[in-house]
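# Chains, contacts and geometry: an overview
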Amino acid sequence: MQARGMTGVDEIEAIMHAVEEHQELYRNALPMIASENVTSERVRILLASDLSHRYAEGEVGARFYQGCRYIDEVEGRAIRWAKELFRAEHVNVKPVSGVTANIAALFALTSPGDTMMALSVPDGGHISHSAYSVPGLRGLKLEEIPFDVREMNIDIDQMVRAMKEVRPKLILLGASLFLFPHPIHEIRLAADEIGATVVYDASHVLGLIAGAKFQDPLREGADVVTSSTHKTFPGPQGAMILCKGSLKNKIDRAVFPGTVSNHHLHHIAGLAVTLQEMLHFGAGYAAQIQANAKSLAQALYESGFKVLCEHKGFTESHQVVIDVRELGGGDAVAKRLEEAYIITNKNMLPFDTEPDSPSGIRLGVQELTRTGMGESEMIEIASLMRRLLIEGESVASIKEDVKSLKSEFQNVHYSFDDGAAYQNPFHG
Ligand SMILES: *Cc1c(COP(=O)(O)O)cnc(C)c1O
């Protein structure tokens, strides 16, 4: 059979070209999306390895496919190292994303018709915590966790009262807009009185937890921790579930065969390497993220931006949140920043009702930290943002300064790569 003309090559070229352009953009830009990060060179090589072609359904040493002996070595180590890093009794590394981890956890721990509590999306809950997503899929009744807008945290007194009234089967903590540690311990005590399970979604803050910063959900009383592995935790896209030993079988069955058939083996290899990076460099990395977030927040505040939570030091996480209603709103501000190569996202704030016109901008410093930036660069970025958004300097001149700042920060730090440039090793 004849191939359909000669155009296939051109079409593939279009893909190659778009990806090249994408890489060029990110080489020059300041990526400040709070849910992203970059992997080390070794991890990138593993992601393109033959593991990406294979199946390994089942558990380490008990697979449904032949040819898995080396995959067992890789996955066995990933599980061991994750247990060590997070001091977890049990770890499942198979969920392919944070949402699938939440699907598996709620599948394991609830039945249709049960009631659960989670934060609403404007208060910081992830979309997978909402009725549109996992709780709806599982047929759960959903009650909102009471939130204190000024403190940007769970209102613990109202929460304890609501728990006694609602008597939820499960409480889902954690958030996507996440500045301060959640009051897990107090919720644990109230949960014990009503027999509820406490799940903590660490997707945003797993890298901070890996460095023993922010909070320690398993020690503070969570039964289960779900998390993606590519936000502050600087691994390949994927997820894991940490839990008490008593929940091992329930969680493992809910993952396989419940919600994942084949997990992504190349990602498991990359995850294993990232776990070693965090075992060795995680403490310094997490401390620098917190220091950077605080100094970015302080500098933005001094530049005239409305940074949330000045009265409590702005942030304890990798995130800084600013209210930009006076500057034209989140949508306009995020677009203007992008023109100047500062990549951020508009974000709903707790008082917002319209998802399309949010009041806020959410900034994350984890990727800039991983590529070696410190407090002085944060102050420089705040100044660039002031010049662009408050003083009205031209996009073109800010963009030039962004590119020149970024040119000094092209390598992944907190890894064993030792200064290797973070470029696609299979291209240039
Ligand atoms: C990002 C996020 C998720 C979803 O993770 P994916 O890997 O994108 O599926 C789940 N929960 C929270 C709190 C998140 O922020």
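Further up the page is the structure itself.
These lines cover the structure that appears in this document, whether it is placed above or below. (Residues numbered from 1 in each chain as written. Predicted model: local features only at pLDDT ≥ 70, side-chain atom pairs only at ≥ 80, totals over all residues. Heavy atoms only, no water.)

What follows deals with the site of the ligand. Every one of the 15 residues lining the ligand counts as a neighbour, but Gly 98, Val 99, Ser 176, Asp 201 and Lys 231 are closest to it. A distance of 3.0 Å separates an oxygen atom of the ligand from a polar atom in the side chain of Ser 97. With the chains in place, 87% of the 380 Å² that the ligand exposes on its own is no longer accessible. Per-element tally for the shell around the ligand: the top contributor is helix α4 (residues 98-109), with 3 residues. Residues that form the shell around the ligand fall into these classes: 2 nonpolar, 11 polar and 2 charged. (Near = heavy atom within 4 Å. Polar contact = N/O pair within 3.5 Å; in protein donor to acceptor, adjacent residues only side chain to side chain. Areas by Shrake-Rupley, 256 points an atom, 1.4 Å probe, with all protein chains shown as cover. Helix = DSSP H or I, 4+ residues; strand = E, 2+ residues; numbered from the N terminus. Nonpolar A, V, L, I, M, F, W, Y, C, P; charged D, E, K, R; others polar.)

Secondary-structure assignment places Thr 110 in the loop between α4 and β5 (115-118). A residue is classified by how much of its surface remains accessible, and Thr 110, at 4% relative accessible area, is buried. When residues no more than four places from it in sequence are discounted, the contact partners of Thr 110 are Arg 138, Leu 140, Lys 169 and Leu 170. (Buried < 20%, exposed > 50% of the residue type's maximum accessible area, 1.4 Å probe, protein only. Contact = heavy atoms within 4.5 Å.)

So, about the packing of aromatic side chains. Evaluation of the coordinates by the stated rule reveals 8 aromatic pairs. Clustering of aromatic rings is evident, with ring pairs tying together Phe 178, Tyr 200 and Phe 214. Sitting over the ring of Phe 180, Lys 312 keeps its end group 4.1 Å from the ring centre. (Phe/Tyr/Trp six-rings, centres within 6.5 Å; stacked < 30°, edge-to-face > 60°. Lys NZ or Arg CZ within 6 Å of the ring centre and 35° of its normal.)

What follows concerns the sheet that holds strand β9 (residues 170-173). Pairing in this open sheet of 7 strands is mixed, and the strands run β4-β12-β11-β10-β9-β5-β6 from one edge to the other. The open sheet has two edge strands, β4 (90-92) and β6 (141-144), and neither has a second partner. Averaged over all pairs of adjacent strands, the angle between their axes in this sheet comes to 20 degrees, without regard to strand direction. Together, β5, β9, β10 (197-201), β11 (224-228) and β12 (239-243) form the strand contacts of α4, whose direction differs from that of β12 by roughly 35 degrees. (Pairing = 2+ DSSP bridges. Axes fitted to C-alpha atoms, helices over the stretch in contact; angles between N-to-C directions.)

Okay, the sheet that holds strand β14 (residues 319-323) next. Read across the sheet, 4 strands follow the order β13-β14-β17-β16 without closing on themselves; strand pairing throughout is antiparallel. Bordering the open sheet on either side are β13 (306-307) and β16 (345-347), each of which pairs with just one other strand.

Take Arg 253: it is sitting in helix α10 (residues 248-259). The exposure class assigned to Arg 253 is exposed, which follows from its relative accessible area of 54%. Spatially, the C-alpha atoms of Arg 253 and Arg 42 are 31 Å apart, while their sequence positions differ by 211 residues.

Taken together, Asp 10, Glu 11, Glu 13, Glu 20 and Glu 21 make up a surface patch of like negative charges. Its place among the elements puts Glu 20 in helix α1 (residues 7-28). (Patch = residues over 30% accessible without salt bridge, like charges linked within 9 Å, V, L, I, M, F, W, Y side chains within 5 Å. Salt bridge = Lys/Arg side-chain N within 4 Å of Asp/Glu carboxyl O. Lys, Arg positive; Asp, Glu negative; His and termini not counted. Charge placed at Lys NZ, Arg CZ, Asp CG, Glu CD.)

We now examine unusual backbone geometry. In this structure, Pro 257 follows Phe 256 across a cis peptide bond, with omega equal to 10 degrees. Secondary-structure assignment places Pro 257 in helix α10. Phi at Cys 309 takes a positive value of approximately 65 degrees, unusual for a residue other than glycine. Of note, Cys 309 is situated in the loop between β13 and β14. Unlike most non-glycine residues, Tyr 341 shows phi in positive territory, near 70 degrees. Inspection of the secondary structure puts Tyr 341 in the loop between α12 (330-339) and β15 (342-343). According to the relative accessible area criterion, Tyr 341 is buried, its value standing at 18%.

One can find Thr 232 in the loop between β11 and β12. With a relative accessible area of 0%, Thr 232 lands in the buried category. A distance of 2.7 Å separates the side chain of Thr 232 from the backbone oxygen of His 204, its partner in a polar contact. A distance of 3.3 Å separates the side chain of Thr 232 from the backbone nitrogen of Leu 206, its partner in a polar contact.

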